[in-house]
Amino acid sequence: MAAVQVAPRSRRLPSFLGAANLPDLTFRGIVFVIGALGLVGIIALIVGSMIAESMPAIRAFGPSFMVSNVWDPVKRQFGAIPFVYGTITTSLIALIIAAPISIGVALFAVEMAPPWLGNAISVIVELLAAIPSVLLGLWGIFVMVPFLQRVVEPWLIDRFPGVPLFEGPPYGVGLLAAGLILAIMVVPTIVAVSRDVVVAVPIAQREAMLALGATDWEATARAVLPYCRSGLLGATILGLGRALGETMAVTMVIGNRADISASLFHPSYTMASVIANEFTEATNDLYVSALVEVGLLLFGVTIVMNMIARLLVWSTARASEAQLRMA
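The residue numbers shown here count from 1 along each chain, following its written sequence. Predicted model: local features are reported for residues with pLDDT of at least 70 only, side-chain atom pairs are reported and counted for 80 or more only, and whole-chain, interface and lining totals are derived from all residues. Heavy atoms throughout the structure, all of them, feed into the side-chain values; hydrogens and water do not.

## Here's the deal with the pattern of salt bridges
One side-chain nitrogen of Lys or Arg within 4 Å of one carboxyl oxygen of Asp or Glu is enough to make a salt bridge. Summed over all chains, the structure comprises two salt bridges. Glu 111 serves as the salt-bridge partner of Arg 206, at 2.7 Å between the closest nitrogen and oxygen. Here Glu 111 lies in helix 2 (residues 81-112) and Arg 206 lies in helix 6 (residues 203-211), a separation of 95 residues in the sequence. The classification of residues rests on relative accessible area computed with a 1.4 Å probe and restricted to protein chains. Under 20% of the type maximum is buried, over 50% is exposed, and intermediate values are partly exposed. Overall, the relative accessible area of 12% leaves Arg 206 in the buried class. By relative accessible area, Glu 111 is classed as partly exposed at 23%. Runs of E in the DSSP output that reach at least two residues are strands. Runs of H or I that reach at least four are helices, and both are numbered from the N terminus.

Here it is in structure tokens:
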């Protein structure tokens, strides 16, 4: 019986290094440093510099800066809660308006419209995304705000008397105007991502439902939407990120008043707007430091809201997978 020769084991690097030889390991290391450590380093540099610049305000006001509603540069009293309220409220208004419209447009373009019409809708959405925000702000000032002041807000006041959301004089500028401008701006983002998500649904999902006798609407509602639910929520998150950081268009229509009111007609302020409006007017170091701390707070609010949204995406994806397995 011939002896079986066993080839010597090749010397390999440990499996946790993820590479079989030195060139591969070097390449992985370079890409890791550039992609991961570089990104973390940039974020750490930004946050560190903002913390350093905002230390005078942090020392002067402490935690009260985040709960005080007084913003008086003359008396050197600064509180950021009106800006946090304005930022979150306008972003939520934008999502409430834009998300259903955007998902509906994406479903129509992919599931119901003929190919030529779906492609035309995609082109129109891309053109809307290319409009500079300052032009949308100008349109908001000269067209949307007068329409809200003369038609929409008086109608809401008459139809819903005593409702806190629709109380007060119809200024035109305010939370409602800013939310509508943001909704227009985030629609292209949500539509583009939602369309790609719906297109990625396997055709077998639709064909299986149609083979069982389902209508087009039933196939979309019971096969397509459950499959891509987490992706649609992710598209909405991207829209939320755009809404939180928008500056110029919102600044032009929100009224720029550091105040908190339940009424959507009331002028307000956002964190990005107050930084853009007042940074060049800051006349002392404490004023500048307070504005930098507002920027740091905006960064924190963005991180927190995105973390919450990511948890929702994760839980929705798990629920969708469980539902598909049961089906």
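## Some points on the nonpolar core
Phe 65, Trp 71, Phe 78, Phe 83, Met 271 and Val 294 are the most contacted members of the largest nonpolar core, which has 57 residues in total. Looking at this core, the element that brings in the most residues is helix 5 (residues 175-199), giving 12 residues. Contacts between residues were defined by any pair of non-hydrogen atoms, one from each residue, lying within 4.5 Å. Contact partners of Met 271, with chain neighbours within four places excluded, come to Phe 83, Val 84, Thr 87, Val 294, Leu 297, Leu 298 and Val 301. Here, the term nonpolar core denotes a set of buried Ala, Val, Leu, Ile, Met, Phe, Trp, Tyr and Cys residues that are joined through side-chain atoms within 4.5 Å. One finds Leu 107, Val 197, Val 224 and Cys 228 within the second-largest nonpolar core, a separate group that totals seven residues.

## Regarding unusual backbone geometry
The backbone of Arg 76 sits at a positive phi, close to 55 degrees, despite the residue not being glycine. Examined against the element boundaries, Arg 76 turns out to sit in the loop between strand 1 (71-72) and strand 2 (77-78). Relative accessible area serves as the criterion here: at 45%, Arg 76 is assigned to the partly exposed category. The phi dihedral of Asn 256 is positive, around 55 degrees, even though this residue is not glycine.

## A short note on empty space enclosed by the protein
Residues are called lining when one of their atoms sits within 4 Å of a cavity or pocket point, these points coming from a 1 Å grid over the protein atoms alone, where a cavity is a set in which a 1.4 Å probe fits but cannot get out and a pocket is an open set with protein on both sides within 12 Å along at least five of seven lines. Grid points are joined across faces, edges and corners, and a volume is the space filled by probe spheres set on the points. Inspection of the entire model under this criterion finds one cavity of 30 Å³ or more. In this structure, the largest cavity encloses a volume near 40 Å³. In this structure, the largest cavity is lined by Leu 128, Ala 129, Ile 131, Leu 136, Met 185 and Arg 242. Each residue is assigned to one class: nonpolar for Ala, Val, Leu, Ile, Met, Phe, Trp, Tyr, Cys and Pro, charged for Asp, Glu, Lys and Arg, and polar for all the others, Gly among them. Residues that form the lining of the largest cavity fall into these classes: five nonpolar, no polar and one charged.

## Side note on the packing of helix 2 against helix 5
Viewed as axis vectors pointing N to C, helix 2 and helix 5 meet at an angle of 40 degrees, and their least axial separation amounts to 6 Å. Helix 5 is crossed by helix 2, and the crossing has right-handed handedness. Split by residue class, the contact of helix 2 with helix 5 holds 23 nonpolar, seven polar and two charged. Convention adopted: a line fitted to C-alpha atoms gives each axis, helices being fitted over their contacting stretch, and angles between N-to-C directions are expressed from 0 to 180 degrees. Take the far helix as your reference; a near helix turned counterclockwise from it by less than a right angle gives a left-handed crossing, and one turned clockwise gives a right-handed crossing.

## Re the side chain of Ser 194
Along the chain, Ser 194 turns up in helix 5. Classification of Ser 194 by relative accessible area gives buried; the value is 0%. Those residues in contact with Ser 194, other than ones at most four positions away along the chain, are Ile 103, Ala 106, Leu 232 and Ala 235.

## A short note on the environment of Ile 46
On the secondary structure map, Ile 46 appears in helix 1 (residues 22-61). Residue Ile 46 is classed as partly exposed on the basis of its relative accessible area of 42%.

## Here's the deal with the confidence of the model for the protein chain
Averaged over every residue, the pLDDT of the protein chain is 84; the share at 70 or more is 91%. Taken element by element, the protein chain is modelled with least confidence in helix 11 (residues 285-326), mean pLDDT 78, and with most confidence in helix 4 (residues 133-159), mean pLDDT 93. Per-residue pLDDT stays below 50 along residues 6-19; that stretch engages in 11 contacts with residues further than four places along the chain or on separate chains. The quantity known as pLDDT measures the predictor's confidence residue by residue, on a range of 0 to 100.

## Some words on the side chain of Ser 102
Its place among the elements puts Ser 102 in helix 2. A relative accessible area of 0% places Ser 102 in the buried class. Sequence-distant contacts of Ser 102, defined by excluding residues within four places in its chain, comprise Val 187, Ile 190 and Val 191.

## Some words on helix 2
Across its 32 residues, helix 2 extends 45 Å between first and last C-alpha, which sits within 8% of the 46 Å expected from 1.5 Å per residue. For a residue, the bend is simply the angle between two axes, fitted respectively to the seven-residue segment ending there and the seven-residue segment starting there. Within helix 2, the axis deviates most sharply at Ala 98, by approximately 30 degrees, and proline Pro 100 lies no more than four positions further along. A helix is expected to span 1.5 Å multiplied by its residue count minus one.

## Concerning the packing of aromatic side chains
Aromatic rings from Phe, Tyr and Trp, taking only the six-membered ring of Trp, are treated as a pair when their centres fall within 6.5 Å; an angle between ring planes under 30 degrees marks them as stacked, one over 60 as edge-to-face, and anything in between as tilted. Scanning the entire structure with this criterion turns up 10 aromatic pairs. Geometrically, the ring pair formed by Phe 83 and Tyr 269 is edge-to-face, given 5.5 Å between the ring centres and 75 degrees between the ring planes. You can see Phe 83 sitting in helix 2 and its partner Tyr 269 sitting in the loop between helix 9 (248-253) and helix 10 (271-278), a full 186 residues away along the chain. Residue classification places Tyr 269 among the buried residues on the basis of a relative accessible area of 5%. Clustering of aromatic rings is evident, with ring pairs tying together Phe 61, Phe 65, Trp 71, Phe 78, Phe 83, Tyr 269 and Tyr 287. Arg 257 extends its terminal NZ or CZ atom over the ring of Tyr 171, reaching a point 5.9 Å from the ring centre. Geometrically, a lysine NZ or arginine CZ counts as sitting over a ring once it is within 6 Å of the ring centre and also within 35 degrees of the ring normal.

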